[in-house]
Amino acid sequence: KQWYQRRVRESFEDRFSVHPSGKIIKLAGEGCPWKEHLYNLEEEAGCEGSVLYVISQSSDSHRVMAVGVRGEGFTNRLSLPEKWMGVRDDALSEISGIPQCVFVHANGFIGGNKTEEGALAMAVKSLDMQGQA
């Protein structure tokens, strides 16, 4: 438990180097349980609800995950853009303008890209498109 809490804390503390808004964190290495610990860190820092996306590595790609609203089940703080939802591969790369996209789930809570840079670009473009940058 300690290792992933430390990883989430380090990612949270480093969030402004990922994007100047501080609304994106990047977890080092493979994904880990992060939600509850992120909520607690935001509460401690007095910035509840500020992180909107988490970037992490999976076995064959990188993910961008929308942070859920605490206690609200499947409600996201900011879903990925509606026009990306349910779109895959080249079609997604074309409409997003971001190379090497893999998918965005039909509900917009998670997306994937073949590269870490691409996953980060998806999160940043999502912020921009939705007036959150």
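About the criteria used
- Along each chain, residues carry numbers from 1 onward, in the same order as the chain's sequence is written.
- Residues qualify for local features only when their pLDDT is at least 70, as the model is predicted, and side-chain atom pairs are given and counted only at 80 or more; totals for whole chains, interfaces and linings, by contrast, use all residues.
- Calculation of side-chain values draws on the structure's entire complement of heavy atoms; hydrogens and water are dropped beforehand.
- Numbering goes from the N terminus for both helices and strands, where a helix is a DSSP run of H or I of at least four residues and a strand is a run of E of at least two.
- Relative accessibility thresholds used throughout: buried, under 20% of the residue-type maximum; exposed, over 50%; partly exposed, between the two (1.4 Å probe, protein chains only).
- Charge assignment in this entry is limited to Lys and Arg as positive and Asp and Glu as negative, and neither His nor the chain termini are counted.
- Salt bridges are defined as contacts in which a side-chain nitrogen from Lys or Arg sits within 4 Å of a carboxyl oxygen from Asp or Glu.
- As used in this structure description, the phrase polar contact means that two N or O atoms lie within 3.5 Å; if the pair is within protein, one of them must be able to donate a hydrogen and the other to accept it, and residues adjacent in sequence are counted only when both atoms belong to side chains.
- The contact criterion used is simple: two residues touch if any of their non-hydrogen atoms lie within 4.5 Å.
- By nonpolar core we mean a set of buried residues, namely Ala, Val, Leu, Ile, Met, Phe, Trp, Tyr and Cys, connected to one another through side-chain atoms within 4.5 Å.
- Planes of paired rings set the category: under 30 degrees apart is stacked, over 60 is edge-to-face and the rest tilted, where pairs are Phe, Tyr or Trp rings (Trp by its six-membered ring) whose centres lie within 6.5 Å.
- Note on criteria: charge over ring means Lys NZ or Arg CZ within 6 Å of the ring centre, with the direction from the centre no more than 35 degrees off the ring normal.
- Each cavity reported here is a set of points on a 1 Å grid over the protein atoms alone in which a 1.4 Å probe fits but cannot get out, each pocket an open set with protein on both sides within 12 Å along at least five of seven lines, and each lining residue one with an atom within 4 Å of a point.
- Grid points are joined across faces, edges and corners, and a volume is the space filled by probe spheres set on the points.
- Charged residues are taken to be Asp, Glu, Lys and Arg, nonpolar residues to be Ala, Val, Leu, Ile, Met, Phe, Trp, Tyr, Cys and Pro, and polar residues to be all remaining types, Gly included.
- Each pair of strands is called paired provided DSSP finds at least two bridges between the two strands.
- Lines fitted to C-alpha atoms define the axes here, with helix axes fitted over just the stretch in contact, and angles between the N-to-C directions of these axes take values from 0 to 180 degrees.

A. Fine view of the side chain of Arg-63. Considering the arrangement of structural elements, one finds Arg-63 in strand β3 (residues 62–66). For the buried residue Arg-63, which engages in no salt bridge, the nearest side chain bearing the opposite charge is Asp-60, 4.4 Å off. A polar contact of 2.7 Å, which involves the side chain of Arg-63, links it to the side chain of Ser-61. Apart from residues lying up to four places away in sequence, Arg-63 is in contact with Val-54, Ile-55, Ser-56, Ser-58, Phe-103, Ile-110, Gly-111, Gly-112 and Ala-119.

B. View of the nonpolar core. If you look at the biggest cluster of nonpolar residues, it comprises 19 residues, and the most contacted ones within it are Ile-24, Tyr-53, Val-64, Trp-84, Leu-92 and Met-122. Contributing elements (two or more residues each) for this core: β2 (53–57), β3, β4 (101–104) and α5 (116–129). When residues of this core are assigned to their parent elements, the largest contribution, four residues, is made by α5. For Met-122, the contacting residues outside a window of four places in its chain are Val-64, Trp-84, Leu-92, Ile-98, Cys-101, Phe-103, Val-104, Gly-111, Gly-112 and Asn-113. In terms of nonpolar packing, the next biggest core, distinct from the first, is built from 18 residues, Ile-25, Trp-34, Leu-38 and Leu-41 among them.

C. Region of interest: the packing of aromatic side chains. A complete count under the given rule lists zero aromatic pairs for this structure. One Lys or Arg, Arg-15, reaches over the ring of Phe-12 and ends 3.9 Å from the middle of that ring.

D. Broad picture of the environment of Ser-56. Residue placement: Ser-56 occurs in strand β2. If sequence neighbours within four positions are ignored, Ser-56 has contacts with Leu-27, Gly-31, His-62, Arg-63 and Met-65.

E. Just the layout of surface pockets, in detail. Space inside the largest pocket adds up to approximately 240 Å³. Lining the largest pocket we find 15 residues, and of these Lys-35, Ala-66, Phe-74, Asn-76 and Phe-109 sit closest to its centre. Broken down by secondary-structure element, the contributors of at least two residues to the lining of the largest pocket are α3 (35–45) and β3. Residue composition of the lining of the largest pocket, by class: nine nonpolar, five polar and one charged.

F. Local environment of the sheet that holds β3. The sheet built from five strands is open, its strands ordered β1-β2-β3-β5-β4 with mixed pairing. In this open sheet, the two edge strands, each paired with only one partner strand, are β1 (24–30) and β4. Shown here is a sheet whose adjacent strand axes are inclined to one another by a mean of 15 degrees, direction ignored. Of the pairings in the sheet, the one linking β4 to strand β5 (residues 110–113) comprises three bridges and is antiparallel in character. By the bridge assignment for β5, Val-104 is matched with Gly-111.

G. Quick peek at the environment of Arg-70. Inspection of the secondary structure puts Arg-70 in the loop between β3 and α4 (89–96). Residues Arg-70 and Tyr-39, spaced 31 residues apart in sequence, show a C-alpha to C-alpha distance of 7.2 Å. Not counting residues up to four positions away in its chain, the partners in contact with Arg-70 are Glu-36, Tyr-39, Asn-40 and Glu-43. In this structure the side chain of Arg-70 is engaged in a polar contact, spanning 3.1 Å, whose partner is the side chain of Glu-43.

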